[in-house]
Amino acid sequence: MTRLAPGVIISGTGSYAPSRIVTNDEISAQLDTTDEWIRSRTGIKERRIAGDDESTSFMGAEAAKSAMDSAGVSASDIDLIIVATLSPDMLFPSTASLIQTQLGLRKITSFDLSAACSGFIYALEVVSNMMRSDAYQHALIIGSEKISSILDWEDRSTCVLFGDGAGAVVLSKTDDTSAGIIDSYTGNDGAKPELLCLPGGGSACPPTIDSLAQRKHFLKMNGREIFRIAVRWMEQSAVIMLERHGLKPEDISLIIPHQANLRIIHALARSIKIPKEKLFVNVERYGNTSAASIPIALHEARQKGCIQSGDYVLLVAFGAGLTWGSTLIKWH
Ligand code: ACO
């Protein structure tokens, strides 16, 4: 069995959810949609929407504090922060540097990682490899999203799908190599960026009166096509990881998939022939929180006692890019 990072464990998990809950009925009062349509197509019943004082960095810092509490480490123990996000506070400086300051840290390594909804999986792979060096003992990976700030609230085909929030983990080195992060697999097919993108605001399309009028500063998505590709790559990412390690679906105790759509999650269960009960689902309460979805779900799974020592846990994601990936963990 290959091992990416000997003795690197997830020593703590945490999350932050804005207090404002927006139900499907609330959206239906403003837009030509219904609770029935949203629930039957996506499984989503409600989502959290951040307030003006809840920025991506603020939510990320709160999730990080909760993860550090759970790991029993303090901010001064952290020597690396990676933030996975597609809704940073600003293009630069990075949200990681803003969070670092909010945590009272200076002179550590921190940066943002852009892989959309697969960002947390990508970050696990990057950090696991970085922790092979002696430079890092404890690292924070934070997935934080204020997607409500880039949604077109007049576009019913996208705005009903997403929500805000943050999740975080502390990765720590240990001498015990019998458990931890075993392996990560990531991929990206950049051939069709237009399927899911934010066209405006970057250097290719800076803000102008025209770009604002054309609503280019909002998330655009071809839902039907993304759905088709997502099912394929979620399955592939899971199968590749199982095959690499000679594991069968029944060897996995819990799969935590990216929480985009219940139908995609159920299609994954069918295609890899694993009972639905082994897939952790909370999309009904959060919607799609992009890079935050897996760390939020991982934290909830631990809180609910769904993960025991010795369990194999498989994380699987897909997102804009189009990116995909999986991480295999043997829980310590
Ligand atoms: N309420 C009512 N009707 C709607 C709504 C809505 N909120 N949204 C779309 N419709 C209509 C459409 O206009 C269409 O009407 P038409 O047939 O008259 O044109 C009809 O519903 C059916 O549209 P479809 O696109 O066929 O609906 P579908 O069953 O595919 O469900 C959905 C749409 C939910 C978006 C689905 O395609 C999906 O989940 N795709 C994947 C999206 C996803 O996971 N994105 C996240 C990617 S991760 C990341 O990196 C951010």
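So, a few notes on the structure that sits alongside this text. None of the values given here were measured: they were computed from a predicted structure. (Residues numbered from 1 in each chain as written. Predicted model: local features only at pLDDT ≥ 70, side-chain atom pairs only at ≥ 80, totals over all residues. Heavy atoms only, no water.)

### Description of the site of the ligand
Around the ligand, 27 residues are found, and the nearest of them are T33, C117, R224, N261 and A320. Between the ligand and the protein, one listed contact pairs a nitrogen atom with a side-chain N or O atom of T33 at 2.6 Å. Separating an oxygen atom of the ligand from a backbone N or O atom of A320 is a distance of 2.8 Å. Expressed as a share of its isolated accessible area of 1000 Å², the protein-covered part of the ligand is 76%. When atom positions are compared with the pocket grids, the ligand is found to occupy the second largest pocket. Going through the elements one at a time, α2 (35–42), α6 (156–159), α8 (223–244), α9 (262–271) and β12 (312–319) are the ones with two or more residues in the shell around the ligand. Examining the composition of the shell around the ligand, we find that four residues originate from one element, α8, more than from any other. Residue composition of the shell around the ligand, by class: 14 nonpolar, eight polar and five charged. Shared between two domains, the shell around the ligand takes at least three residues from each, and those domains are domain 1 (8–178) and domain 2 (181–330). (Near = heavy atom within 4 Å. Polar contact = N/O pair within 3.5 Å; in protein donor to acceptor, adjacent residues only side chain to side chain. Areas by Shrake-Rupley, 256 points an atom, 1.4 Å probe, with all protein chains shown as cover. 1 Å grid on protein atoms, 1.4 Å probe; cavity = no way out; pocket = protein on both sides within 12 Å on 5 of 7 lines; lining within 4 Å. Sits in = over half its atoms within 2 Å of the grid points. Helix = DSSP H or I, 4+ residues; strand = E, 2+ residues; numbered from the N terminus. Nonpolar A, V, L, I, M, F, W, Y, C, P; charged D, E, K, R; others polar. Domains from an automatic or database assignment.)

### Let's talk about the pairing of strand β5 (residues 109–113)
Sheet topology note: the strand β4 (residues 80–84)/β5 ladder contains five bridges and is parallel. Within the sheet, the bridge partner assigned to V83 lies in β5 and is D112. Note that the unit made of β4, helix α4 (residues 95–102) and β5 has a crossover that is right-handed. (Pairing = 2+ DSSP bridges. Right-handed = clockwise from strand over helix to strand, strands pointing away.)

### Some points on the nonpolar core
One finds I252, I255, L314, F318 and L328 to be the most contacted residues of the largest nonpolar core, which totals 47 residues. The element that contributes the greatest number of residues to this core is α8, accounting for eight residues. Structurally, this core is a two-domain feature, drawing no fewer than three residues from each of domain 1 (8–178) and domain 2 (181–330). Those residues within four positions of L314 in sequence are excluded, and the remaining contacts are A238, M241, I252, L254, I255, I256, S326, T327 and L328. Counting 32 residues, the second-largest nonpolar core is a separate cluster that includes F120, L171, I181 and W331. (Core = buried A, V, L, I, M, F, W, Y, C linked by side-chain atoms within 4.5 Å. Buried < 20%, exposed > 50% of the residue type's maximum accessible area, 1.4 Å probe, protein only. Contact = heavy atoms within 4.5 Å.)

Any functional reading would require information that these geometric values do not contain.
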